[in-house]
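Listed below, chain by chain, are the residues.
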Amino acid sequence: MRVYLIRHAQSENNILGEENIHRRKVDPALTEMGYRQRDILADFLARTDKKDERFEISHLYTSAMYRSLLTAQPLASGLNLQPQVWLDLHEKGGLWQRRNGFTSGFNGMTRSAIQSEFPDYSLPDSITESGWYDAELGMEPEAHSLSRAIKVAKSLRERRRRDEVIALISHAGFLDILLKAIFDQLPSGLRAMSYYHNNTAITRVNYRGARPILHYMNRVEHLPPDLRSF
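Being a predicted model, the structure only gives us computed values, none of them experimental. (Residues numbered from 1 in each chain as written. Predicted model: local features only at pLDDT ≥ 70, side-chain atom pairs only at ≥ 80, totals over all residues. Heavy atoms only, no water.)

## A short note on the overall build of the protein chain
Broken down by element type, the protein chain carries 5 helices and 8 strands. In sequence order, the secondary structure elements of the protein chain are arranged as β-α-β-α-β-β-β-α-α-β-α-β-β. Radius of gyration (C-alpha) of the protein chain: 17 Å, near the 17 Å computed for a compact globule of 230 residues. Principal-axis analysis of the C-alpha atoms places the extent of the protein chain at approximately 55 × 35 × 35 Å. Of all 230 residues assigned to the protein chain, the portion counted as buried reaches 52%. Within the protein chain, contacts between residues separated by at least 24 positions form 68% of all contacts whose residues are at least 6 apart in sequence. In the form shown here, the protein chain has an accessible surface area of approximately 11,500 Å², with 47% of it arising from carbon and sulfur atoms. (Helix = DSSP H or I, 4+ residues; strand = E, 2+ residues; numbered from the N terminus. Rg over C-alpha atoms; globule rule 2.2 N^0.38 Å. Buried < 20%, exposed > 50% of the residue type's maximum accessible area, 1.4 Å probe, protein only. Contact = heavy atoms within 4.5 Å. Areas by Shrake-Rupley, 256 points an atom, 1.4 Å probe, with all protein chains shown as cover.)

Right, here's the structure in full:
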């Protein structure tokens with residue numbers, strides 16, 4: 001089994017600096033550059049004339065965050081796959097906003113809102129008209145994020161004997177801890193190294209029996225230099 005871990009395209013929050021972080025959105029869309037990145041990514045993954053790597057993705061999963069749902073759109077079309085929303089793939093911290101020293105959680109897009117904009121996506125029953133994120137969590141506790149990563153890694157390990165090629169569209173923070181979960185590096189200390197992903201970067205993990213093998217990570221050669229972003 002092959003697994004491709006892919007970070008979403010550039011979001012509106014990704015371009016914010018410290019001086020305008022107050023403009024941060026709870027569930028941002030993509031920037032103009034982000035839309036260009038996702039289209040190039042889709043073309044790259046769908047190409048069958050490459051002499052080196054043919055991706056041959058058979059299953060496409062995405063987090064329920066808006067930037068990931070948008071990133072998955074052209075991939076679904078180019079790969080002729082139905083994207084499946086996997087709630088545990090959302091970014092560390094969840095949906096939150098801090099104002100005047102107080103942090104509030106948000107429920108996220110409702111089921112009907114997602115179905116209206118992304119009618120071909122497969123949604124779990126846990127996405128309702130109340131949304132999908134537990135707003136009472138506020139900013140998701142670190143332990144909760146780590147638990148999700150371990151859960152996803154366990155699910156991948158259990159599927160390792162299947163003849164599948166899986167692509168996961170997720171987020172920089174979560175992909176970091178997911179890789180650590182896959183390679184049994186959790187829990188890790190505050191000074192532990194991080195596995196960082198650029199926008200639309202691709203990381204490949206193969207399973208040889210129960211043993212995960214990192215083939216490469218954070219590849220962005222599909223993007224021209226002027227479209228590469230962090």
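Once the structure has been displayed, the description carries forward.
## Points about unusual backbone geometry
Residue Leu 186 is joined to Pro 187 through a cis peptide bond whose omega torsion reads 0°. In this structure, Pro 187 sits in the loop between helix 5 (172–182) and strand 7 (202–208). Even without a glycine there, the phi angle at Asn 80 is positive, about 55°. With respect to the secondary-structure elements, Asn 80 resides in the loop between helix 2 (66–79) and strand 3 (84–85). Classification of Asn 80 as exposed rests on a relative accessible area of 70%. We note that Asn 218 has phi near 55°; this positive angle belongs to a residue other than glycine.

## Let's talk about helix 4 (residues 142–158)
With 17 residues, helix 4 should cover 24 Å at 1.5 Å per step; its first-to-last C-alpha distance of 25 Å lies within 8% of that length. Considering only its buried residues, helix 4 is in contact with strand 1 (2–7), strand 6 (165–170), helix 5 and strand 7. (Expected span 1.5 Å × (residues − 1).)

## Focus: the pattern of salt bridges
Following the criterion strictly, the structure yields 12 salt bridges and no others. Ionic pairing is found between Arg 148 and Glu 140, a salt bridge with its closest N-O pair at 2.8 Å. Glu 140 shares its class with Arg 148; the two are buried. As a salt-bridge pair, Arg 162 and Glu 164 come within 3.6 Å of each other at their nearest N and O atoms. Looking at Arg 162, the relative accessible area reads 46%, which means it is partly exposed. A residue is classified by how much of its surface remains accessible, and Glu 164, at 9% relative accessible area, is buried. (Salt bridge = Lys/Arg side-chain N within 4 Å of Asp/Glu carboxyl O.)

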